[in-house]
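Analysis of the macromolecular model
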Amino acid sequence: MPKAYTSAELVKAAFTAADLAEAGVPKPEGVTDAALLAGCSGTEPVAKMVSLWTLTDAKVNVMQSVESYEGADELVAGLRSEVPDACLLGENGKWSTGAILPTLPDVDAAYSWCYIRAAVQGCGAVAARGNLLTAVVLEGPPLEAELSYCNKVVARLLPVAVKALDRL
């Protein structure tokens, strides 16, 4: 049976400045008791946390989420197989498959995507390990958040997010 986590414990897997120094990310703007992917599962996670960052070279926000669900890998498989909905895209948006992700050790499932909405665009990726999901989303105004740039950064940051799970 997978370990049960609390939201306070999940904060240990939040990005640190050392984790993100090479990505040009300054100190965090904060950590909240929130979830990025709860709408995708239709259920509230057992535990959750989101860390918020802003890239120094652009007006692009980085959100990292660690969430605990029963069947986390099934949630990722659902994202891959179903038409994206408001949980990842928002209303009246355009969706596309994201970056090809590197091989991620000890990961049960992973998926990446990009999206364009009226005033925001970005890319995200999620990985499941046991009952944990870790997600990274970059988004910003269309001129700042070029999708190819977001894809590259997400593909670099998801392995960092997966490695951060080892701190739990």
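Residues numbered from 1 in each chain as written. Predicted model: local features only at pLDDT ≥ 70, side-chain atom pairs only at ≥ 80, totals over all residues. Heavy atoms only, no water.

Section: the overall build of the chain
Test applied: The helix and strand labels rest on DSSP assignments: H or I over at least four residues marks a helix, E over at least two residues marks a strand, and numbering proceeds from the N terminus. Relative accessible area decides the class of each residue, using a 1.4 Å probe on protein chains only: under 20% of the type maximum gives buried, over 50% gives exposed, and in between gives partly exposed. In this analysis, two residues are considered to be in contact whenever any of their non-hydrogen atoms come within 4.5 Å of each other.
Secondary structure summary: the chain contains five helices and seven strands in total. Its helices and strands in sequence order give the chain the pattern α-α-β-α-β-β-α-β-β-β-β-α, from N to C terminus. Every one of the 168 residues in the chain was classed for burial, and the buried ones make up 46%. Considering only contacts in the chain between residues 6 or more positions apart, those separated by 24 or more positions represent 61%.

A few points about the environment of Ala 47
Checked against the element boundaries, Ala 47 lands in strand S2 (residues 47-54). Aside from chain neighbours lying at most four places away, what touches Ala 47 is Tyr 5, Thr 6, Ser 7, Leu 10, Val 66, Glu 67 and Ser 68.

Thoughts on the state of the cysteines
Put simply, the rule is: Here, two cysteine sulfur atoms that lie within 2.5 Å of each other are counted as a disulfide.
Inspection of every chain in the model, using the stated rule, returns one disulfide. Cys 114 shares a disulfide with Cys 123; S-S distance 2.1 Å. Of note, the bridge from Cys 114 to Cys 123 carries an S-S torsion of about 95 degrees and is right-handed in sense. There is no disulfide at Cys 150, and the cysteine sulfur nearest it, in Cys 123, is 5.0 Å away. A relative accessible area of 0% means that Cys 150 is categorised as buried.

Quick notes on the side chain of Gln 64
Put simply, the test is: Any N or O atom pair separated by 3.5 Å or less is treated as a polar contact, with the protein-specific requirement of one donor-capable and one acceptor-capable atom, and with residues adjacent in sequence counted only for side-chain atom pairs.
By the element assignment, Gln 64 lies in strand S3 (residues 61-68). A distance of 2.8 Å separates a polar side-chain atom of Gln 64 from the backbone oxygen of Ala 13. Polar contacts involving the side chain of Gln 64 include one to the main-chain amide nitrogen of Phe 15, which spans 2.7 Å. Once residues lying within four places of it in the same chain are set aside, the contact partners of Gln 64 are Ala 13, Ala 14, Phe 15, Met 49, Val 50, Ser 51, Thr 134, Ala 135 and Ala 161.

Some remarks on helix H5 (residues 147-164)
Turn by turn, an α-helix covers 3.6 residues, leaving residues three or four places apart pointing in a common direction. To keep things clear, this is the line we draw: Take the number of residues in a helix, subtract one, and multiply by 1.5 Å to get its expected span.
Taking 1.5 Å per residue as the helical rise, H5 with its 18 residues ought to reach 26 Å, and the 25 Å between its terminal C-alpha atoms agrees with that figure. The complete set of buried residues in H5 reads Cys 150, Asn 151, Val 153, Val 154, Ala 155, Leu 157, Leu 158, Ala 161, Val 162 and Ala 164. The inward-facing, buried residues of H5 abut helix H2 (17-20), S3, strand S5 (109-116), strand S6 (121-129) and strand S7 (132-140).

Remarks on the nonpolar core
The condition is simple: Here, nonpolar core means buried Ala, Val, Leu, Ile, Met, Phe, Trp, Tyr and Cys residues that are tied together by side-chain atoms lying within 4.5 Å of each other.
Grouped together as the largest cluster of nonpolar side chains are 23 residues, with contacts concentrated most on Phe 15, Val 62, Val 136, Leu 138, Leu 157 and Leu 158. Elements represented by at least two residues in this core include exactly S5, S6, S7 and H5. For this core, the leading source of residues is H5, giving seven residues. Once you skip the residues sitting within four places of it in the chain, Val 136 turns out to touch Phe 15, Val 62, Met 63, Cys 123, Gly 124, Ala 125, Val 154, Leu 157, Leu 158 and Ala 161. Counting 18 residues, the second-largest nonpolar core is a separate cluster that includes Tyr 69, Trp 113, Tyr 115 and Leu 133.

Description of the pattern of salt bridges
Short version of the rule: When a carboxyl oxygen of Asp or Glu lies within 4 Å of a side-chain nitrogen of Lys or Arg, that pair is called a salt bridge.
For the structure shown, the criterion picks out five salt bridges. Measuring nitrogen to oxygen at the nearest pair gives 2.9 Å for the salt bridge that ties Arg 167 to Asp 19. Taken together, the positions of Arg 167 in the segment after H5 and Asp 19 in helix H2 put the pair 148 residues apart, joining distant regions of the chain. When the shortest N-O distance is used, the salt bridge between Glu 139 and Arg 117 registers 3.6 Å.

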